[in-house]
Amino acid sequence: MTKLINSTYEIIKCYRTQDEGEFMSKEIITNWINQFNEEDREFILSELIHILKQRYITKNQFKEYLKKVFFEDIRELIPEEFGQMDMKEILKRIYFIDNQPAGKSQKAVIRIIEELIQEKLGLTLADCGKKDPLCYVYLDDVLCTGDTIFKGIEKEGWLNKNNIINPQKTNRDVLIEKKRPIFISLYSAHLLNAQKLHRRMDNENEDNKDLTITIFCHDNYGIDNRYDSNSKLQFIFPLEDEQDELITGCKKQIEDKVYAYCKGNNYKIPTGHFYRSSSTPKNETFFSSAENRNRFEKIILRKSIEIYNKANLENLRMKPLGYGLYTDKSFGYGTLVFTWRNVPLNTPLVFWYEHNGWNPLFKRHWSSYKKTLILRKCD
């Protein structure tokens, strides 16, 4: 087991150290894994290492991705405008939106882009977008429910704030008037929720069809839509076999909560999606084998339900396998994406929950919004 703990540490040792002054340690990993049944511990770590090699995003990886987007691919965003410009002039005509509260990932990502433009062009963010920007860029690391992005742009978010160049107008007014697009640049995006975010954005901008918002993310880090028959299921989505009272009781509890919420708000009662079909995924490419997927999912679900049953069950979005939307009738999204900066709330509780005696593997940094983002396309 020591070798597995050491291997896990080598992958995630940069967690929170570069930006927060906190640290990951072998002791944290040991304390976390020892909370599982002894016969499962080596298996869990072995399979987790297999997943982390695919889905743990380091700061350096993110920096290389931003370098590619903004120093190689940027001209493709607005080819008619950027095509003939040199790189320094292009960056000067981009406005980087900085609208998330302290503690959210956007601040850390913006620091990375500033490091890059200083290194390569000798510019600072203050030099970017100072006059008549040709586009606006919203940076973040991971889109899960999409709620953080929605809150950062829509409702009382950035679009409805006064424009710094034309303070008598809102940012929305300026973008529509000048036909300027917003590009949302991410490393990873939950494709199902990207579609839902698209619909939310459309609803908010029903009278402003000229407002263009485009999302793009790393080609290899999208999180599959669980309803797609060809999905690789790059997340935890358990089978229904051998479910006992612990699992069926939790399922009933979630169903009752969603039903009460929907009835109280006059929403249509959604279909439940607690279990995947035994025929999915068609080919196992994410876990080390189909058998190991089944075992890992069952262990994580059961332990997450144990944690969930001791948690604040008044929180309607919290579910054993991670946060979802209020109307999500499932055990949670089961997201398996981790970054050097934070772990999404949509990952199973076993990874980040830190109350009632549970020692998390990844201690989260908490922050919150007062209001609501959006998107149009996710390649």
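Owing to the predicted nature of the structure, the values given are computational and were not obtained by experimental measurement.

1. A look at the overall build of the protein
Next, step 1: Counting secondary structure elements, the protein contains 14 helices and 8 strands.
Next, step 2: Rg of the C-alpha trace for the protein: 22 Å, near the compact-globule value of 21 Å for 379 residues, within the 12% margin.
Next, step 3: With the C-alpha coordinates of the protein rotated into their principal frame, the extents come out at 60 × 50 × 40 Å.
Next, step 4: Taking all 379 residues of the protein together, 53% fall into the buried category.
Next, step 5: Put simply, the protein shows about 17100 Å² of open surface, and 44% of that area lies on carbon and sulfur atoms.
Next, step 6: When the 58 basic and 54 acidic side-chain charges of the protein are each reduced to a single mean position, those positions are 2 Å apart.

2. Comments concerning the side chain of T347
Next, step 1: Examined against the element boundaries, T347 turns out to sit in the loop between strand 8 (338–339) and helix 14 (349–352).
Next, step 2: Side-chain polar atoms of T347 contact the backbone oxygen of P344, separated by 2.7 Å.
Next, step 3: For T347, the residues in contact, after removing those within four places along its chain, are L321, G322, T335, V337, F338 and W352.

3. Side note on the layout of surface pockets
Next, step 1: Its boundaries defined by the atoms lining it, the second largest pocket holds a volume of some 290 Å³.
Next, step 2: It is helix 5 (residues 59–71) that provides the largest number of residues to the lining of the second largest pocket, a total of 3 residues.
Next, step 3: When grouped by side-chain class, the residues that make up the lining of the second largest pocket number 5 nonpolar, 1 polar and 5 charged.

4. Points about the pattern of salt bridges
Next, step 1: Tallied over the full model, the rule gives 23 salt bridges.
Next, step 2: Between D147 and R317 there is a salt bridge, with its nearest N and O atoms 3.4 Å apart. With D147 in helix 9 (residues 147–153) and R317 in the loop between helix 13 (290–308) and strand 8, this residue pair connects regions lying 170 residues apart in the sequence.
Next, step 3: Classification of R317 as buried rests on a relative accessible area of 14%.
Next, step 4: In this structure, the salt-bridge partner of R276 is E297, at a minimum N-O distance of 2.9 Å. In this pair, R276 is assigned in the loop between helix 12 (245–264) and helix 13 and E297 in helix 13, connecting sequence segments 21 residues apart. For the pair R276 and E297, a shared accessibility class is recorded, and that class is buried.
Next, step 5: Here the salt bridges share partners, and the residues they tie into one network are K59, K63, E115 and E119.

5. Description of the packing of helix 1 (residues 2–12) against helix 3 (residues 26–33)
Next, step 1: Helix 3 packs onto helix 1 with a crossing angle of 120° between their chain directions and a minimal axis gap of 9 Å. As summarised for this structure, helix 1 and helix 3 are arranged oblique, according to the angle between their axes. For the pair helix 1 and helix 3, the crossing hand works out as right-handed. Contacts between helix 1 and helix 3 involve I5, N6, T8, Y9 and I12 from the first element and K26, I29 and T30 from the second.
Next, step 2: Of the residues contributing to the contact of helix 1 with helix 3, the split by class is 4 nonpolar, 3 polar and 1 charged.

6. Concerning the packing of helix 5 against helix 8 (residues 105–121)
What describes two packed helices is the angle between their axes and the distance between those same axes.
Next, step 1: Relative orientation of the contacting elements helix 5 and helix 8 amounts to 60°, with a least axis distance of 10 Å. With respect to helix 8, the axis of helix 5 lies oblique. For helix 5 against helix 8, the interelement crossing comes out right-handed. Seen from helix 5, the contacting residues are K59, F62, K63, L66, K67, F70 and F71; seen from helix 8, they are V109, I112, I113, E115, L116, I117, E119, K120 and L121.
Next, step 2: Here the contact of helix 5 with helix 8 is built from residues that sort into 10 nonpolar, no polar and 6 charged.

7. Remarks on the nonpolar core
Next, step 1: W32, Y56, F70, I94, F331 and F362 are the most contacted members of the largest nonpolar core, which totals 93 residues.
Next, step 2: Counting 23 residues, the second largest nonpolar core, distinct from the first, contains Y136, Y138, I176 and C217.

8. Remarks on the packing of aromatic side chains
Next, step 1: As enumerated under the stated definition, the model contains 26 aromatic pairs in all.
Next, step 2: Judged by centre distance (5.5 Å) and plane angle (50°), the rings of Y95 and Y136 are tilted. Taken together, the residues span a long stretch of sequence, with Y95 in strand 2 (residues 94–97) and Y136 in strand 3 (residues 135–139) at a distance of 41 residues. Each member of the pair, Y95 together with Y136, is buried.
Next, step 3: Grouping aromatic residues by their ring pairs yields a cluster made of Y15, W32, F36, F338, F351, W358 and F362.
Next, step 4: Here the basic side chain of K251 rests over the ring of F274, its NZ or CZ set 5.1 Å away from the ring centre.
Next, step 5: When the ring centre of F36 is taken as origin, the NZ or CZ atom of K303, which lies over that ring, is 5.9 Å away.

9. Quick notes on the side chain of H218
Next, step 1: Looking at the element boundaries, H218 is found in the loop between strand 7 (213–216) and helix 12.
Next, step 2: Under the relative-accessibility criterion, H218 is labelled buried at 18%.
Next, step 3: Residues in contact with H218, not counting those within four places in the same chain, are Y65, L186 and Y187.

The rules behind the values
Residues numbered from 1 in each chain as written. Predicted model: local features only at pLDDT ≥ 70, side-chain atom pairs only at ≥ 80, totals over all residues. Heavy atoms only, no water. Helix = DSSP H or I, 4+ residues; strand = E, 2+ residues; numbered from the N terminus. Rg over C-alpha atoms; globule rule 2.2 N^0.38 Å. Buried < 20%, exposed > 50% of the residue type's maximum accessible area, 1.4 Å probe, protein only. Areas by Shrake-Rupley, 256 points an atom, 1.4 Å probe, with all protein chains shown as cover. Lys, Arg positive; Asp, Glu negative; His and termini not counted. Charge placed at Lys NZ, Arg CZ, Asp CG, Glu CD. Polar contact = N/O pair within 3.5 Å; in protein donor to acceptor, adjacent residues only side chain to side chain. Contact = heavy atoms within 4.5 Å. 1 Å grid on protein atoms, 1.4 Å probe; cavity = no way out; pocket = protein on both sides within 12 Å on 5 of 7 lines; lining within 4 Å. Points joined across faces, edges and corners; volume = space filled by probe spheres on them. Nonpolar A, V, L, I, M, F, W, Y, C, P; charged D, E, K, R; others polar. Salt bridge = Lys/Arg side-chain N within 4 Å of Asp/Glu carboxyl O. Axes fitted to C-alpha atoms, helices over the stretch in contact; angles between N-to-C directions. Parallel < 35°, antiparallel > 145°, perpendicular 65-115°, else oblique. Left-handed = near helix turned anticlockwise from the far one by under 90°. Core = buried A, V, L, I, M, F, W, Y, C linked by side-chain atoms within 4.5 Å. Phe/Tyr/Trp six-rings, centres within 6.5 Å; stacked < 30°, edge-to-face > 60°. Lys NZ or Arg CZ within 6 Å of the ring centre and 35° of its normal.

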